[in-house]
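Summary of the model geometry
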Amino acid sequence: MPDNSEASSTVDESAESLAYKISLAVILSVITLATTLSNAFVIATISQSKKLQTPANFLIASLAITDLLVSILVMPICVLYTVIHTWTLGQVVCDIWLSSDITCCTASILHLCVIALDRYWAITDAVEYSKKRTPGRAAGMVATAWVIAISISLPPLFWRQVKAEELTSCSVNTDHIFYTIYSTFGAFYIPTLLLIVLYGRIYVEARKRILKQSPKKVGKRLTSAHLVTNSPGSVASTTSLQCGRHDTPSSDTASSTSENQVKVTVSDALLEKKRISAARERKATKTLGIILGAYIVCWLPFFIYTLVVAICDTCFNPELFDFFTWLGYLNSLINPIIYTMSNEDFKKAFHKLVRFRCCGS
């Protein structure tokens, strides 16, 4: 009887473990697929809409390409490794996967810095920067981000030794504390400090514009005036101005003056334009806050834990490390959603693209 109960318990545990692994594989696969599709749609939307083909949107498309690479080169293999917790793909694939992981994730983070820098220059030096804001300049900024990302991912390849026995785990060696500090600060802490400073300056500048555009003073209206002959009044808001003279007018002159009125029509066109502009600034500022918040929530736990593990070997927990890793990958799914949903032109172009695809099929 004890043998049967032990066997039954083992079978139950095995079934629970299998169900857990299948559920985990399904959830992670859905996240991976959603990341691939959302970033692919951003790229397709920009490529199909000429209105969206601007230097600023070129940076967003480049970010989408980077996040797409994360979802294709990094996340599928990570699904397998996270579920079975054993590396079965060999040394070469391990090296390529780790390099792709570090390079693409770092490039994605640095793209956020590039976009923030572009936005900062556009809002603080609009006139001059509009002349410099070219596709070539955007390409240079993107190339710089990739060079920095590659420089962070390459060093582990130089000290990795090929093991004679079969490889059962694949992770970055945390024994090199100086590389851990170099990589974490280069890939996260310094870019994050830059993002906070830039978004802080952008927020302050946006607030100044909003306050400046808020119509608080009376008399700041756009008016148009024209002479109306023999008009007793107007349905529109008008003001009748008598053409006064210093000399005493005769009865004929007074009659003529009263018949000739100047209609001053008050127009709120300028005020409405300012209100729309202020609303856009508020929305842009709110979007920046959401982007920064999502980025910090997704990546901060992973990079704090990476530094802790480098100092404290006994602090490593595989499940916790996997959770923080996937939380970071989730940022590649959030990025296209935030950037597209906060932009009306993107939403219109996206709906048009979807309708075109549906009709075409």
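Conventions and cut-offs
Residues numbered from 1 in each chain as written. Predicted model: local features only at pLDDT ≥ 70, side-chain atom pairs only at ≥ 80, totals over all residues. Heavy atoms only, no water. UniProt positions renumbered as here; feature names shortened; annotations may be inferred. Helix = DSSP H or I, 4+ residues; strand = E, 2+ residues; numbered from the N terminus. Core = buried A, V, L, I, M, F, W, Y, C linked by side-chain atoms within 4.5 Å. Buried < 20%, exposed > 50% of the residue type's maximum accessible area, 1.4 Å probe, protein only. Contact = heavy atoms within 4.5 Å. Axes fitted to C-alpha atoms, helices over the stretch in contact; angles between N-to-C directions. Left-handed = near helix turned anticlockwise from the far one by under 90°. Nonpolar A, V, L, I, M, F, W, Y, C, P; charged D, E, K, R; others polar. Polar contact = N/O pair within 3.5 Å; in protein donor to acceptor, adjacent residues only side chain to side chain. Salt bridge = Lys/Arg side-chain N within 4 Å of Asp/Glu carboxyl O. Disulfide = S-S within 2.5 Å.

Looking at an unreviewed UniProt entry, one finds the protein chain named 5-hydroxytryptamine receptor 1B and attributed to Seriola dumerili. Turning to the protein chain, the UniProt annotation filed under Subcellular location (unreviewed entry) states: "Cell membrane". You can read under Sequence similarities (unreviewed entry) in the UniProt record for the protein chain the words "Belongs to the G-protein coupled receptor 1 family."

So, the UniProt feature "transmembrane region" (unreviewed entry) in the protein chain
Those places that UniProt annotates as "transmembrane region" (unreviewed entry) correspond, in this numbering, to residues 20-46, 58-84, 96-117, 138-159, 179-204, 288-311 and 323-342. Along residues 20-46 the backbone is 100% helical and 0% strand, and the end-to-end C-alpha distance reaches 39 Å. Taken end to end, residues 58-84 is 100% helix and 0% strand, and its two terminal C-alpha atoms sit 39 Å from one another.

What to know about the nonpolar core
If you look at the biggest cluster of nonpolar residues, it comprises 66 residues, and the most contacted ones within it are Trp97, Leu195, Tyr199, Tyr295, Trp299, Tyr329 and Tyr339. Listed by contribution, the elements that provide at least two residues to this core are helix 1 (2-48), helix 2 (55-84), helix 3 (90-124), helix 5 (135-153), helix 7 (177-213), helix 9 (269-311), helix 10 (318-341) and helix 11 (344-360). The dominant element in this core, judged by the number of residues it contributes, is helix 3, at 16 residues. Other than its neighbours up to four places away in sequence, tyrosine 329 contacts Val70, Val74, Met75, Cys78, Asp101, Cys105 and Trp299.

Let's talk about the packing of helix 3 against helix 5
At a closest axis distance of 8 Å, the pairing of helix 3 and helix 5 adopts a crossing angle of 145°. Of the two elements, helix 3 crosses helix 5, and the hand of that crossing is right-handed. Facing Ser99, Ile102, Thr103, Cys104, Thr106, Ala107, Leu110, His111, Val114, Leu117, Asp118 and Trp121 of helix 3, the residues of helix 5 in contact are Arg137, Met141, Val142, Ala145, Trp146, Ile148, Ala149, Ile150, Ile152 and Ser153. Split by residue class, the contact of helix 3 with helix 5 holds 15 nonpolar, five polar and two charged.

Observations regarding the side chain of threonine 106
Relative to the helices and strands, threonine 106 is located in helix 3. At 2.6 Å, the side chain of threonine 106 and the backbone oxygen of isoleucine 102 are in polar contact. If sequence neighbours within four positions are ignored, threonine 106 has contacts with Ala149, Ile152 and Ala187.

Looking at the pattern of salt bridges
Inspection of the entire model under this criterion finds two salt bridges. A salt bridge links lysine 131 to glutamate 128, with the nearest nitrogen and oxygen atoms 3.8 Å apart. Of the two residues, lysine 131 and glutamate 128 are both situated in helix 4 (residues 126-132); the distance of three residues between them amounts to about one turn of the helix. With a relative accessible area of 60%, lysine 131 lands in the exposed category.

Digging into the environment of leucine 292
Note that leucine 292 resides in helix 9. Sequence-wise, leucine 292 and threonine 192 are 100 residues apart; in three dimensions their C-alpha atoms are separated by 8.7 Å. Aside from chain neighbours lying at most four places away, what touches leucine 292 is Leu195, Ile196 and Tyr199.

Overview of the state of the cysteines
Within the structure shown, the criterion is met by two disulfides. Disulfide pairing places cysteine 94 opposite cysteine 170 at an S-S distance of 1.9 Å. Between cysteine 94 and cysteine 170, the disulfide has an S-S torsion of 100° and is therefore right-handed. In this pair, cysteine 94 sits in helix 3 while cysteine 170 sits in the loop between helix 6 (155-159) and helix 7, placing the two residues 76 residues apart along the sequence. A sulfur-sulfur distance of 2.1 Å marks the disulfide that ties cysteine 312 to cysteine 315. On the S-S bond that ties cysteine 312 to cysteine 315, the torsion sits near 80°, and the link is right-handed. The disulfide pattern of the protein chain is 1-2, 3-4 when the bonded cysteines are numbered in sequence order.

Points about the environment of threonine 144
Looking at where threonine 144 falls in the secondary structure, it is placed in helix 5. Classification of threonine 144 by relative accessible area gives partly exposed; the value is 45%. In this structure the C-alpha to C-alpha distance between threonine 144 and leucine 110, which are 34 residues apart in sequence, comes to 9.1 Å.

Some points on unusual backbone geometry
Phi at histidine 85 takes a positive value of approximately 55°, unusual for a residue other than glycine. Looking at the element boundaries, histidine 85 is found in the loop between helix 2 and helix 3. Classification of histidine 85 by relative accessible area gives partly exposed; the value is 39%.

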